[in-house]
Number of protein chains: 2
Amino acid sequence: MNSLAEIISHIEPLDQSLMDQAQQRLDSLTKPVGSLGRLEELAKWIVGVTRQERPLLSRKVIFTFAADHGIAYEGVSAYPPAVTAQMVYNFLRGGAAINVLARQAKAEVIVADFGVAADFGDAPGLVSCKVGYGTANMAKGPAMTAEQALQGILTGAKLAIAEKEKGAKLFATGDMGIGNTSAASALVAALTGAREEDVTGFGTGIDDEGWQKKVRLIRQSIVINGADGKDPLATLAKVGGFEIAGLVGVILAGAATRTPVLIDGFISGAAALVACRIAPQARPYLTLAHLSVESGHQRIARELELIPLLDFRMRLGEGTGAALAMPILDAACAIFNDMATFSEAGVSKKIIQ
Amino acid sequence: MNSLAEIISHIEPLDQSLMDQAQQRLDSLTKPVGSLGRLEELAKWIVGVTRQERPLLSRKVIFTFAADHGIAYEGVSAYPPAVTAQMVYNFLRGGAAINVLARQAKAEVIVADFGVAADFGDAPGLVSCKVGYGTANMAKGPAMTAEQALQGILTGAKLAIAEKEKGAKLFATGDMGIGNTSAASALVAALTGAREEDVTGFGTGIDDEGWQKKVRLIRQSIVINGADGKDPLATLAKVGGFEIAGLVGVILAGAATRTPVLIDGFISGAAALVACRIAPQARPYLTLAHLSVESGHQRIARELELIPLLDFRMRLGEGTGAALAMPILDAACAIFNDMATFSEAGVSKKIIQ
């Protein structure tokens, strides 16, 4: 799968026949029909995505992609741009929230540099996917070229497909990039037509004045670049980010390789929105791990009709919400695979059918 | 702790000083302050409950208590009363949802007979705490005597304290008993003054006609027994259940032994409501694992000001929602114990403090 068109051509609908079989099995297990609610729906979804009759998410991979953003130099973040690179080192040393939560979930974290404005040499554990040294300042012109956007997507997809070939059963998305909530808000506003102030949040913790400035710069970025959202790829180039492009690739590759994709917070959600605008048929392969505090995330959830698994007022990114939600997917598989049926257990069925 | 008064006398407020220290540590970790939202609050709560500076929920115990209900013979359930005993055997063989989910969460399930209308002999793995062979039909008179209610509570508490002495770090509640949503609805209506129809659900899956009959019988049970809710212990005796009494004991024992208590669904919630009416100081020791489909559960959550961790439209009981939520509590501890601080990781702090 070397071109975007080829990746997209591999995305098929979920297997409805296997999902019907899964429903029958769920209804035969020793519990009132449907009484495990969403957990049952998740089991059925995993069957439909993976085409496995008894699926196990035995190898889970979180793609935590890092990049810098030209807009950050306008002071739209509470943290200095240098923190992107510092946090990459924190990921590599295993001290960040995503490392801790991934260990809990028995997931691997693939940390990739998609465009940090720093050189990491051959830092052990870091995958270099560098598209540039940070995007250009989108408030003054396009964040990147169309070629770079495509390169980011294809590089992300290639990485994900390689992990699939090594046995990955679940993909999750994650991000790091000072300034990237500005890019995500701009993408959501451009792609959905939402007003900038309705999809712009406080990121890592700016104040009201900072927020007003952020909204103004996001609007300026959309206007100056003519990011009208009609062409998702062009919109990604104009107001997106390198790590977001990479995540678009992961999401499309997940759908193309029949891999469930667990979407993290706001940045990941923006990538999911771009991916589903490029290929709407990718949407059934996604589950939203949690609802971020960022207001734009709600808009994405509504737009893609994704109901978050968790609502914990998180706003960290990195893939933390996805890692936190993973045990729920494991539990769904376990229920499906391991529970006794009514006949196996000798339990009476319902009186009123 | 041999009397209810003695158990209650051991319930102290959470340790605010340790919680303040926990907050300081949380704010020093490499993430924007508060950006892990509820996960941080859970970590702080576990510190405040356990008084451990680096808490680990290394041994988790789910108390799945079973009992029969006289009201079930009125036909308020979609399943025959015999299913209570059949499901106990399913628990003992490990084929039920709670077994599967407990294995996922690395938790133990203590299956105890608090009053099933059957003899289990010396079935391996079953703890006998029998208070009776099912309650009496509450639509015709009190479900049990005041002595039985107290016996149920003290037996549950004793079991929980014994598990604590064996190293349990977390208690979770669970239930099995055909007809027990009727008892739970009656308790909620009597204790909160809610209208019966507002706190009565469809249990394991009755139809509209069955629901109307159920509401009528619950109202009749409250009226005939004069269950006005002023005395929580008397109310429990009049319209409760043996397994609910046992769970009240677990909850009070959890608070008395500084053990976090994870409350499952509707039946467990009714037990929590009774426990907090007996001893309001027990309330801070509780977290609500999930929001049940049963309408009465929402009322309990509002009454106790408990925000559920999950909202998955579950309605199975057994402790399944609690087991599903356990990895979240483990994750909270891991974040708190294992993340790097800003100074350890050499990451720049916020520009605007």
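Residues numbered from 1 in each chain as written. Chains lettered and ligands numbered in written order. Predicted model: local features only at pLDDT ≥ 70, side-chain atom pairs only at ≥ 80, totals over all residues. Heavy atoms only, no water.

Visitor: Help me understand the overall build of chain A in this model?
Guide: A tally of helices and strands in chain A yields 14 helices and eight strands. For 353 residues, the compact-globule formula gives about 20 Å, and the C-alpha radius of gyration of chain A, at 20 Å, lands near that figure. Oriented by its inertia axes, the alpha-carbon framework of chain A measures out at about 70 × 40 × 40 Å. Buried positions account for 66% of the 353 residues belonging to chain A. Sequence separation of 24 or more characterises 76% of the internal contacts of chain A that already satisfy a separation of 6 or more. A total of about 12,000 Å² of accessible surface is found on chain A, and carbon and sulfur atoms cover 51% of it. Distance from the positive charge centre (33 side chains) to the negative charge centre (36 side chains) of chain A: 3 Å. (Helix = DSSP H or I, 4+ residues; strand = E, 2+ residues; numbered from the N terminus. Rg over C-alpha atoms; globule rule 2.2 N^0.38 Å. Buried < 20%, exposed > 50% of the residue type's maximum accessible area, 1.4 Å probe, protein only. Contact = heavy atoms within 4.5 Å. Areas by Shrake-Rupley, 256 points an atom, 1.4 Å probe, with all protein chains shown as cover. Lys, Arg positive; Asp, Glu negative; His and termini not counted. Charge placed at Lys NZ, Arg CZ, Asp CG, Glu CD.)

Visitor: I'm lost on the domain arrangement of chain A in this one. Help?
Guide: Accessible area lost during the coming together of the parts is what is often quoted as the interface size. All names here are of chain A. Each domain of chain A was delimited in the assignment, giving domain 1 (4–55 + 336–345) and domain 2 (60–330). Put simply, the middle of domain 1 and the middle of domain 2, counted by C-alpha atoms, are 29 Å apart. On the domain 2 side, the residues contacting the 16 residues of domain 1 number 26 residues. Taken together, both faces of the contact between domain 1 and domain 2 bury some 1,800 Å²; the carbon and sulfur share is 71%. It is L4, I11 and W45 in domain 1 that bury the most area against domain 2; as a group they hold 34% of the surface buried on that side. Between the two partners, domain 1 and domain 2, sit one salt bridge. Note that E12 and R258 form a salt bridge whose closest N and O atoms lie 3.1 Å from each other. Where domain 1 meets domain 2, there are six residue pairs in polar contact (both at pLDDT 80 or more). Considered class by class, the residues forming the side of domain 1 that touches domain 2 number 11 nonpolar, two polar and three charged. (Domains from an automatic or database assignment. Buried area = accessible area lost by both parts, 1.4 Å probe. Salt bridge = Lys/Arg side-chain N within 4 Å of Asp/Glu carboxyl O. Polar contact = N/O pair within 3.5 Å; in protein donor to acceptor, adjacent residues only side chain to side chain. Nonpolar A, V, L, I, M, F, W, Y, C, P; charged D, E, K, R; others polar.)

Visitor: Would you mind going over the pairing of strand β8 (residues 310–314) of chain B with me for this structure?
Guide: Each regular strand displays side chains that alternate between the two surfaces of the sheet. Residue and element names in this part refer to chain B. Burial along β8 is one-sided: L310, F312 and M314 are buried, and none of D311 and R313, which face the opposite way, are. In this structure, strand β7 (residues 290–292) lies alongside β8, joined through two bridges in parallel fashion. Directly across from H290, in β8, lies its bridge partner L310. For the segment spanning β7, helix α12 (residues 295–304) and β8, crossover handedness is right-handed. (Pairing = 2+ DSSP bridges. Right-handed = clockwise from strand over helix to strand, strands pointing away.)

Visitor: Sorry if this is basic, but what is going on with the confidence of the model for chain A here?
Guide: Detailed reading of predicted coordinates is not advised where the pLDDT is low. Residues at a pLDDT of 70 or more form 99% of chain A, whose mean pLDDT is 97. ipTM for the predicted complex: 0.97, alongside a pTM of 0.98. (pLDDT = per-residue confidence, 0-100.)

Visitor: Just checking my understanding: could you explain the nonpolar core for this structure?
Guide: In globular proteins that are soluble, nonpolar side chains generally tend to be buried together. In this structure, A:L252, A:L262 and B:L252 are the most contacted members of the largest nonpolar core, which totals 292 residues. Here A:L262 is in contact with A:L170, A:F171, A:A172, A:T173, A:T287, A:A289, A:L309, A:A322, A:A325, A:M326 and A:L329, once residues within four sequence places are set aside. (Core = buried A, V, L, I, M, F, W, Y, C linked by side-chain atoms within 4.5 Å.)

Visitor: Got a minute to help me understand the sheet that holds strand β6 (residues 286–288) of chain B in this structure?
Guide: By definition, the strands of a sheet pair up through backbone hydrogen bonds, in either a parallel or an antiparallel sense. All names here are of chain B. On the basis of which strands lie adjacent, the open sheet formed by six strands has the order β3-β2-β1-β4-β5-β6 and parallel pairing. The strands lining the two open edges of the sheet, one partner per strand, are β3 (126–128) and β6. Strand after strand, the sheet turns through a mean of 30° between neighbouring axes, direction not considered. As paired elements, strand β2 (residues 107–115) and β3 share three bridges and run parallel to each other. By the bridge assignment, A112 is partnered in β3 with V127. (Axes fitted to C-alpha atoms, helices over the stretch in contact; angles between N-to-C directions.)

Visitor: What should I look at first to understand the packing of helix α6 (residues 146–165) of chain B against helix α10 (residues 242–256) of chain B in this one?
Guide: For any two helices packed against each other, one specifies the crossing angle of their axes together with the interaxial distance. Residue and element names in this part refer to chain B. One can describe the packing of α6 onto α10 by two numbers: an axis separation of 6 Å at closest approach and a directional angle of 45°. Looking at the two axes, α6 sits oblique to α10. Handedness of the α6/α10 crossing: right-handed. Facing α6, whose interface residues are Q148, A149, G152, I153, G156, A157, A160 and I161, α10 presents F242, A245, G246, V248, G249, V250, L252 and A253. Taken together, the residues of the contact of α6 with α10 break down into 11 nonpolar, five polar and no charged. (Parallel < 35°, antiparallel > 145°, perpendicular 65-115°, else oblique. Left-handed = near helix turned anticlockwise from the far one by under 90°.)

Visitor: Please clarify how the interface of chain B and chain A should be interpreted in this entry.
Guide: Taken together, the contact between chain B and chain A spans 57 residues of the former and 57 residues of the latter. At the junction of chain B and chain A, the tally comes to 18 residue pairs in polar contact (both at pLDDT 80 or more). Those elements giving two or more residues to the side of chain B that touches chain A turn out to be α3 (37–50), α4 (82–93), α5 (97–105), β8, α13 (320–338) and α14 (342–345) of chain B. Looking at which element gives the most residues to the side of chain B that touches chain A, the answer is α13(B), with nine residues. Here the side of chain B that touches chain A is composed, by residue class, of 32 nonpolar, 14 polar and 11 charged.

Visitor: I keep staring at α12(B) and nothing clicks. Help me out?
Guide: Residues and elements named next belong to chain B. Regarding α12, the residues found buried are G296, H297, I300, A301 and L304. Each buried residue of α12 sits inside an arc of 145° when the element is viewed along its axis, so together they form one side. Summarising the contacts, the buried residues of α12 are in contact with α7 (180–192), α11 (266–278), β6 and β7. Just downstream of α12 lies E305, where phi reads positive at about 50°. (Arc of directions from axis to C-beta.)

Visitor: Just to check I follow, could you spell out helix α9 (residues 232–239) of chain B for this structure?
Guide: Residues lying three or four places apart along an α-helix face the same way, a consequence of the helix completing one turn every 3.6 residues. All names here are of chain B. Those residues of α9 not exposed but buried are P232, T235, L236, A237 and V239. Tucked into the core, α9 has its buried residues touching α6, α7, α8 (208–225), α10 and α11. Between a side-chain oxygen at the N-terminus of α9 and the backbone nitrogen of L233 the separation is 3.0 Å; the capping residue is D231.

Visitor: Where do I start with the relation of the copies chain B and chain A in this structure?
Guide: Each of the two copies of the chain can be brought onto the other by a rotation about an axis and a shift along it. When chain B is fitted to chain A, the residual RMSD is 0.0 Å, and the transformation amounts to a turn of 180° plus an axial shift of 0.0 Å. Such values leave the two copies arranged in the relation of a two-fold axis. (Least-squares fit on C-alpha atoms with pLDDT ≥ 70 in both.)

Visitor: For this particular structure, what's the right way to read the environment of A:I335?
Guide: Mapping A:I335 onto the fold places it in helix α13 (residues 320–338). Classification of A:I335 by relative accessible area gives buried; the value is 1%. Aside from chain neighbours lying at most four places away, what touches A:I335 is A:L29, A:L36, A:L39, B:A97, B:V100 and B:L101.

Visitor: Please clarify how the packing of aromatic side chains should be interpreted in this entry.
Guide: The description of an aromatic ring pair rests on the distance of the ring centres and on the angle between the ring planes. Summed over all chains, the structure comprises 12 aromatic pairs over all chains. Seen from their ring centres, B:F63 and B:F171 are 5.2 Å apart, and the 85° between their planes marks the pair as edge-to-face. In this pair, B:F63 is assigned in strand β1 (residues 60–67) and B:F171 in strand β4 (residues 170–176), connecting sequence segments 108 residues apart. Judged by its relative accessible area of 0%, B:F63 falls in the buried class. Considering the side-chain rings of B:F202 and B:W211, the 6.0 Å spacing of their centres and the 20° angle between planes classify their relative orientation as stacked. With relative accessibility at 37%, the residue B:F202 sits in the partly exposed group. In textbook terms, an aromatic cluster arises when at least three aromatic residues are bridged by ring pairs, as seen for A:F63, A:F65, A:F114 and A:F171. (Phe/Tyr/Trp six-rings, centres within 6.5 Å; stacked < 30°, edge-to-face > 60°.)

Visitor: Would you mind going over the pairing of strand β1 (residues 60–67) of chain A with me for this structure?
Guide: All names here are of chain A. Within β1, eight of the eight residues are buried, which leaves the element mostly enclosed by the surrounding structure. Residues K60, I62, T64 and A66 of β1 are buried on one face, and the alternating residues V61, F63, F65 and A67, pointing to the opposite face, are buried as well. When β1 meets strand β2 (residues 107–115), the two strands line up parallel, connected through eight bridges. Directly across from F65, in β2, lies its bridge partner A112.

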